[in-house]
Amino acid sequence: MRRSIPIAVLALAMLAGARAQTPAPKSSPPADIIAGQVLDAESGDPIAGAGLTLAGKSSRTATTDEHGQFRFADVPAGLYTALRATAPGYAATYYGATTSGSVIATLDLTNGARLVGLTLRLWKLAKISGAVLDGRGEPLANVSVRALSWEVSSGVRRLRPALIHSAVSDSHGQYAIQGLTPGEYPVQVMPAVLPLNASARAPSGEARSVGTPTPLAKPDGHVWSFPPMFYPAGETPSQGVTITLEGRDDRGNVDFRLSPARTIPVSGKLVGPSSD
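Quantities reported herein were computed from a predicted structural model and do not represent experimental measurements.

Trainee: How do you make sense of the packing of aromatic side chains when you look at a structure like this?
Mentor: Geometry of an aromatic ring pair is reported as the spacing of the ring centres plus the angle between the planes. Enumeration according to the criterion identifies two aromatic pairs in this entry. Between Phe 70 and Phe 72, the aromatic rings sit 6.1 Å apart at their centres with planes inclined by 70°, giving edge-to-face as the arrangement. Given the relative accessible area of 4%, Phe 70 is considered buried. Ring centres of Tyr 231 and Phe 256 lie 5.9 Å apart, and the angle between their planes is 75°; on these two criteria the pair is classed as edge-to-face. One end of the pair, Tyr 231, is in the loop between β20 (229-230) and β21 (243-245); the other, Phe 256, is in strand β23 (residues 256-258), and 25 residues separate them in sequence. Lying across the ring of Tyr 90, Lys 124 places its NZ or CZ 4.9 Å from the centre. Over the face of the ring belonging to Trp 150 we find Arg 157, whose NZ or CZ atom lies 4.2 Å from the ring centre.

What follows is the structure in structure tokens.
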């Protein structure tokens, strides 16, 4: 005698077997992450409140916490060209830089990569300050002073005109060039023309004001000017002294003592290209 199996029981058994044969869904890959810390390059202390910018396939920003930690989550896969960090009082730097302004590194975030434990070091900005005086030791106001930097091109070391930091002497002849990154700086005072009443002394405690290199003639018909000078008294960078700065340096007493020189007029004629 045949036994009949209830249809409901058979259906439940078939459903259970189908569930047992169905593979479990694969877990989704972890989100792409970039994380690390921003530190003071000299002390090694964490820098809170530093801003970070990730540039590349998708631009992102982040801010470090009280421990200097930062984190970018759910970053789309791809190659990122730069990770930049900034903070007040520090020179901006990029991931991969070993010194301020050195070469930067790209970040390869492909195939679910997770870049953690990154370290970015920031260098404190430095300052050069001093006084601009005349030959009698009297202060001079409105004189431009600039800090230049070096570059090496084709094996030749030369001044880099694109990176110039400058300041103007105040009413007491004092100047301060701020926001300098660690490096070597020739410091130059720019040419300034004596005003017509240059022989008059300024009121006590105030600086005589000089002008820009505009042709101003003295009563004798000659123009007198303070010529350009590299600290402390060089006509060229090689004759001057280069100021070497580390992070957070405050280099003072970089003083100039200027002596006026009579200028020589130069005249000529400008001719355009030949039409031949």
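Trainee: So what exactly am I meant to see when it comes to the confidence of the model for the protein here?
Mentor: Interpretation of this model should avoid reading the predicted coordinates in detail wherever pLDDT is low. Looking at the protein, pLDDT values average 79 and 73% of them are 70 or higher. Note that pLDDT drops below 50 for residues 26-31; the model gives that stretch three contacts with residues more than four away or on any other chain. Low confidence marks residues 196-206, where pLDDT is under 50. Its contacts with residues over four positions away, or in another chain, come to 14 contacts.

Trainee: Looking at this structure, I do not really get the nonpolar core. What am I missing?
Mentor: Note that soluble globular proteins tend to have their nonpolar side chains buried in a common cluster. Core analysis: the biggest nonpolar cluster contains 22 residues, and Ile 128, Val 145, Tyr 175, Leu 180, Val 187, Phe 256 and Leu 258 have the highest contact counts within it. Secondary structure elements with two or more residues in this core: β10 (126-134), β12 (144-153), β14 (174-180), β16 (187-189), β21 and β23. Setting aside anything within four residues of it in sequence, one finds Leu 180 in contact with Lys 124, Leu 125, Ala 126, Lys 127, Ile 128, Ala 147, His 165, Tyr 185 and Leu 245. The next biggest cluster of nonpolar side chains, apart from the first, holds 21 residues, and it includes Ile 34, Val 75, Tyr 90 and Leu 120.

Definitions and limits used
Residues numbered from 1 in each chain as written. Predicted model: local features only at pLDDT ≥ 70, side-chain atom pairs only at ≥ 80, totals over all residues. Heavy atoms only, no water. Phe/Tyr/Trp six-rings, centres within 6.5 Å; stacked < 30°, edge-to-face > 60°. Buried < 20%, exposed > 50% of the residue type's maximum accessible area, 1.4 Å probe, protein only. Helix = DSSP H or I, 4+ residues; strand = E, 2+ residues; numbered from the N terminus. Lys NZ or Arg CZ within 6 Å of the ring centre and 35° of its normal. pLDDT = per-residue confidence, 0-100. Contact = heavy atoms within 4.5 Å. Core = buried A, V, L, I, M, F, W, Y, C linked by side-chain atoms within 4.5 Å.

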